[in-house]
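So the chains spell out like this:
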Amino acid sequence: MLDWEEFSKHLSQMKSLSDELLDGWAILGKTGTENGAYLAKKVPRLFEEALLLFEYNVVYDLSYGVPKLCFNVFRTDGSMLQLNECIHVLGFDGEPVLVLTQMDHPVLQRPFFTLHPCKTSEFMDFCSNSKNPLVSWLSAIGPTVGLNLANEYSQCT
Amino acid sequence: MANDREILREIWEGKIPVRFTLYPDEVYELQQPDEFYLMVPRLSYFPLVIDKVKKHFIRYVSNDKNDQEMWLEYDGQPVKWHFPIGLLFDLLVGTGPDLGLPWHIVVHFEKFPETQIFRLNSKDLVEAHFMACLKEADVLKHRGQIVSSMQKKDHNQLWSGLQNDKFDQFWAVNRKLMEVSGEVDHFKYIPFRIYDIEGFYKQKLVKPVSDEGQRKTLNDLLMEMYPKRATSVKVLTHGMFPPLNTPLQWMSEHLSYPDNFLHLCLV
């Protein structure tokens, strides 16, 4: 379990490292308010000759006391990919999909595809030796939804 | 324990009359469709009760549009149908001498507002959303231990009880989620969301008792959430204003929606 203070501390640390690495993560929202801020990054990617824009957000789940990774994928015309399209792009075809559902973004309160937080807490216990459990968690689960953290991030864990 | 059965019944039986009309610009046939009237349970969700509405209107829209997803609008805004119906009504219409019943909802088949509302085009998706809320509530109340100790058939019974409007079936299982465990006579935290007029909600970890062991009331919750303006606000839920001295633990047991959250609208 992480409380909001710890979460925002790890968030700022990751953001500073991202600035050094020119990796593009930004803190958005209101940092002073409990559960008011989140980390965001946009990643363009070519898929079957179409340009897609992945919008990743790392947010805090107050009830579970864990971070959550959520994202939306946009086409160049601004339209959003639906669940089955995301599953195809991410190469999940044929796998159980209910781990990935639309949930309210805790700050924006709009639908985002979200990895359900119910297992995250066990995972966070596993990362308890890390100096930055947020980065440890993100580097482990990010790749399932196409988000790879650079090796340099390991220096803060 | 949720012992005041009459209250639970009364809450369960709350219904709202709704008048659905098709958005005029989307009518493709020469003849305008009739309006469609439905009495909907406050505790249910729109995607569970609008099959008939879809069937009624779809033959009036252009053929190349009717594979598109239906969505609902009220007063120029898409209806966030992942919220329970009663909450939407309290939030969007509120209360007063002139509610303008039946509630007028406009039906659309074009331009699904995908950035604003969930795609809930199958009952499975609504169920997944409902179960996720229920789990979250149990994490707050019992560290998630009750939901995870339940069997799949209990989960199914909760869901089908809600879907088929079967009070006894639903409460036979929900009762366990409303129990307090072990030494204490209260939940760890109260699962609630409090909505402002713009429709944004806040959550916070609020215990049902104070550090001194005193039972907290709705007033205490408002003081914790809005220290500066707690005295000037009222809270609307299930179409009524609960007295400010109502104990939080009792409220959570009796006035929660089936997703086990209290949904409170600031007025």
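Because the structure is predicted, anything quoted here is derived from the model rather than measured.

A count of helical and extended segments in chain A gives 4 helices and 6 strands. Radius of gyration (C-alpha) of chain A: 15 Å, near the 15 Å computed for a compact globule of 157 residues. Seen along its three principal axes, the alpha-carbon backbone of chain A occupies a region of about 40 × 30 × 30 Å. Counting across all 157 residues of chain A, residues that qualify as buried make up 52%. The contacts of chain A with a sequence gap of at least 6 include a subset with a gap of at least 24, amounting to 50%. Accessible area for chain A stands at about 7,500 Å²; split by element, carbon and sulfur atoms hold 53% of it. Between the centroid of the 11 positive side chains of chain A and the centroid of its 19 negative side chains there is a distance of 4 Å.

With that settled, the discussion passes to the sheet that holds strand S3 (residues 71–74) of chain B. All names here are of chain B. On the basis of which strands lie adjacent, the open sheet formed by 5 strands has the order S2-S1-S5-S3-S4 and mixed pairing. The strands lining the two open edges of the sheet, one partner per strand, are strand S2 (36–41) and strand S4 (77–78). Here strand S1 (residues 15–22) runs beside strand S5 (residues 103–108); their pairing, made up of 5 bridges, is parallel. Its bridge partner lying in S5, valine 18 is registered against tryptophan 103. Sheet contacts for helix H3 (residues 51–58): S1, S2 and S5; angle to S2, the most-contacted strand, approximately 165 degrees. In the packing of helix H4 (residues 85–92) onto the sheet, the strands contacted are S1, S2, S3 and S5, and the crossing angle to S5 comes to about 110 degrees.

All names here are of chain B. Counting across every chain of the model gives 20 aromatic pairs over all chains. With a centroid separation of 6.4 Å and an interplanar angle of 45 degrees, the aromatic rings of tryptophan 81 and phenylalanine 112 are classed as tilted. With a gap of 31 residues between them, tryptophan 81 in the loop between S4 and H4 and phenylalanine 112 in the loop between S5 and helix H5 (123–142) connect regions that are remote in the sequence. What makes tryptophan 81 buried here is its relative accessible area of 4%.

In this section: the UniProt feature "domain: Autophagy protein ATG5 alpha-helical bundle region" (unreviewed entry) in chain B. Using the residue numbers shown here, the UniProt feature "domain: Autophagy protein ATG5 alpha-helical bundle region" (unreviewed entry) corresponds to residues 124–179 of chain B. Counted over residues 124–179 of chain B, helix gives 84% and strand 0%. Its end C-alpha atoms are 28 Å apart.

All right, on to the domain arrangement of chain B then. Residues and elements named next belong to chain B. What the domain assignment reports for chain B is domain 1 (12–108) and domain 2 (123–266). The C-alpha centroid of domain 2 is placed 27 Å from the C-alpha centroid of domain 1. Contacts between the two partners involve 19 residues from domain 1, matched on the other side by 28 residues from domain 2. In total, domain 1 and domain 2 occlude about 2,000 Å² of area from one another, counting both sides; carbon and sulfur atoms represent 72% of this. On the domain 1 side of the contact with domain 2, Trp12, Tyr45 and Leu48 bury the most area, a combined 35% of that side's loss. Between the two partners, domain 1 and domain 2, sit 2 salt bridges. With its nearest N and O atoms 3.8 Å apart, the salt bridge here joins lysine 15 to aspartate 165. If you look at where domain 1 meets domain 2, you find 6 residue pairs in polar contact (both at pLDDT 80 or more).

Attention now moves to the environment of threonine 157 of chain A. Residue and element names in this part refer to chain A. Turning to its location among the elements, threonine 157 is positioned in the segment after helix H4 (133–141). Once residues within four sequence positions are removed from consideration, threonine 157 is found in contact with Ser130, Lys131, Asn132, Val135 and Ser136. In this structure the side chain of threonine 157 is engaged in a polar contact, spanning 2.9 Å, whose partner is the backbone oxygen of serine 154.

Take the sheet that holds strand S1 (residues 26–29) of chain A next. All names here are of chain A. Overall, antiparallel pairing links the 6 strands, which are arranged S1-S2-S3-S4-S6-S5 in an open sheet. In the strand order of this sheet, the two ends are held by S1 and strand S5 (100–104), each with one partner. Adjacent strand axes in the sheet meet at a mean angle of 40 degrees when their direction is disregarded. Pairing analysis gives 10 bridges linking strand S3 (residues 50–61) to strand S4 (residues 66–75), with the strands arranged antiparallel.

Below, the discussion takes up the environment of arginine 19 of chain B. Residue and element names in this part refer to chain B. Inspection of the secondary structure assignment puts arginine 19 in strand S1. Note: C-alpha distance between arginine 19 and methionine 39 (20 residues apart in sequence) is 9.0 Å. One polar contact links arginine 19 to glutamate 35, side chain to side chain, over a distance of 2.4 Å.

Calculation rules
- Residues numbered from 1 in each chain as written.
- Chains lettered and ligands numbered in written order.
- Predicted model: local features only at pLDDT ≥ 70, side-chain atom pairs only at ≥ 80, totals over all residues.
- Heavy atoms only, no water.
- Helix = DSSP H or I, 4+ residues; strand = E, 2+ residues; numbered from the N terminus.
- Rg over C-alpha atoms; globule rule 2.2 N^0.38 Å.
- Buried < 20%, exposed > 50% of the residue type's maximum accessible area, 1.4 Å probe, protein only.
- Contact = heavy atoms within 4.5 Å.
- Areas by Shrake-Rupley, 256 points an atom, 1.4 Å probe, with all protein chains shown as cover.
- Lys, Arg positive; Asp, Glu negative; His and termini not counted.
- Charge placed at Lys NZ, Arg CZ, Asp CG, Glu CD.
- Pairing = 2+ DSSP bridges.
- Axes fitted to C-alpha atoms, helices over the stretch in contact; angles between N-to-C directions.
- Phe/Tyr/Trp six-rings, centres within 6.5 Å; stacked < 30°, edge-to-face > 60°.
- UniProt positions renumbered as here; feature names shortened; annotations may be inferred.
- Domains from an automatic or database assignment.
- Buried area = accessible area lost by both parts, 1.4 Å probe.
- Salt bridge = Lys/Arg side-chain N within 4 Å of Asp/Glu carboxyl O.
- Polar contact = N/O pair within 3.5 Å; in protein donor to acceptor, adjacent residues only side chain to side chain.

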